[in-house]
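Here is how the chains run, residue by residue.
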Amino acid sequence: MDKKNTNTQDDRIRALFSGTEIKAGANLKFRIMQQIETESVLAGKKSKGKNIMPLIWNMLSVFGIMYALIAIVAAGVFLTGGRSALESVTFFVPVILITSVCGLFLMISILDDRRRSKNS
């Protein structure tokens with residue numbers, strides 16, 4: 001019985017407020033729909049193409065560090081052993097190690113960038 005009384009009161013309140021209700025004009029409805037469509041179009045324009053700049057930046061930084069380390073090793077070997085030491089195992093083993101580590105680091109960073117781009 002309490003629900004019937006509550007429903008009747010709700011109906012009376014709705015009837016009282018229905019006269020004060022302001023209706024939106026057709027122009028306002030059109031502008032609101034136009035704004036919603038514009039926002040949805042602009043939000044959907046995110047580029048799905050691959051961004052090549054982070055890849056190039058990673059490659060340049062890794063190769064730059066790699067060649068700087070090789071130059072430091074070459075200068076050290078040249079100063080201690082002369083020109084003939086640059087053609088020995090003393091020079092080639094560290095260069096191969098540096099190249100391998102930098103290549104592995106570049107591969108891991110590229111895979112990590114791809115994983116991050118897929119998640120976002």
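Residues numbered from 1 in each chain as written. Predicted model: local features only at pLDDT ≥ 70, side-chain atom pairs only at ≥ 80, totals over all residues. Heavy atoms only, no water.

## Points about the overall build of the protein
Alright, step 1. Along its length, the protein carries 4 helices and 0 strands.
Alright, step 2. The order of α-helices and β-strands along the protein, N terminus first, is α-α-α-α.
Alright, step 3. Here the protein, with 120 residues, has 11% of them falling under the buried criterion.
Alright, step 4. As displayed, the protein offers around 10600 Å² of accessible surface, 66% of which is attributable to carbon and sulfur atoms. (Helix = DSSP H or I, 4+ residues; strand = E, 2+ residues; numbered from the N terminus. Buried < 20%, exposed > 50% of the residue type's maximum accessible area, 1.4 Å probe, protein only. Areas by Shrake-Rupley, 256 points an atom, 1.4 Å probe, with all protein chains shown as cover.)

## Quick look at a nonpolar patch on the surface
Alright, step 1. On the surface, a cluster of nonpolar side chains totalling about 350 Å² of accessible area is made up of Leu28, Ile32, Met33 and Ile36.
Alright, step 2. Tracing the backbone shows Leu28 in helix α2 (residues 26-43).
Alright, step 3. Residue classification places Leu28 among the partly exposed residues on the basis of a relative accessible area of 35%. (Patch = residues over 30% accessible without salt bridge, like charges linked within 9 Å, V, L, I, M, F, W, Y side chains within 5 Å. Salt bridge = Lys/Arg side-chain N within 4 Å of Asp/Glu carboxyl O.)

## Notes on the confidence of the model for the protein
Alright, step 1. On average, the protein scores 84 in pLDDT, and the residues at 70 or more come to 87%.
Alright, step 2. Taken element by element, the protein is modelled with least confidence in helix α1 (residues 2-18), mean pLDDT 76, and with most confidence in helix α3 (residues 53-81), mean pLDDT 92. (pLDDT = per-residue confidence, 0-100.)

## Section: the side chain of Asn58
Alright, step 1. Its place among the elements puts Asn58 in helix α3.
Alright, step 2. In this structure Asn58 touches Leu106, Ser109 and Asp113, once residues within four positions along its chain are discounted. (Contact = heavy atoms within 4.5 Å.)

## Thoughts on the nonpolar core
Side chains of a nonpolar character, in soluble globular proteins, are inclined to be buried together.
Alright, step 1. The biggest cluster of nonpolar side chains holds 11 residues, and these are Val62, Met66, Ile70, Ala74, Val77, Ala85, Phe91, Val95, Ile98, Cys102 and Leu106.
Alright, step 2. Those elements that place two or more of their residues in this core are α3 and α4 (89-119).
Alright, step 3. Residues in contact with Ala74, not counting those within four places in the same chain, are Leu86 and Phe91. (Core = buried A, V, L, I, M, F, W, Y, C linked by side-chain atoms within 4.5 Å.)

## A look at the pattern of salt bridges
Alright, step 1. Tallied over the entire structure, the rule returns 2 salt bridges.
Alright, step 2. The partner of Asp112 in a salt bridge is Arg115, and the shortest N-O contact between them spans 2.7 Å. In this pair, Asp112 and Arg115 both sit in helix α4, 3 residues apart, roughly one turn of the helix.
Alright, step 3. Residue Arg115 is classed as partly exposed on the basis of its relative accessible area, which comes to 47%.
Alright, step 4. Between Arg116 and Asp112 there is a salt bridge whose closest N-O contact spans 3.4 Å. Taken together, the positions of Arg116 and Asp112, both in helix α4 and 4 residues apart, correspond to about one turn of that helix.

## What to know about α3
Alright, step 1. With 29 residues, α3 extends 41 Å between its outermost C-alpha atoms, agreeing within 8% with the 42 Å of an ideal straight helix rising 1.5 Å per residue.
Alright, step 2. Among the residues making up α3, those that are buried are Asn58, Val62, Met66, Ile70, Ala74 and Val77.
Alright, step 3. Backbone geometry just downstream of α3 places Gly82 in the positive-phi region, at approximately 85°. (Expected span 1.5 Å × (residues − 1).)

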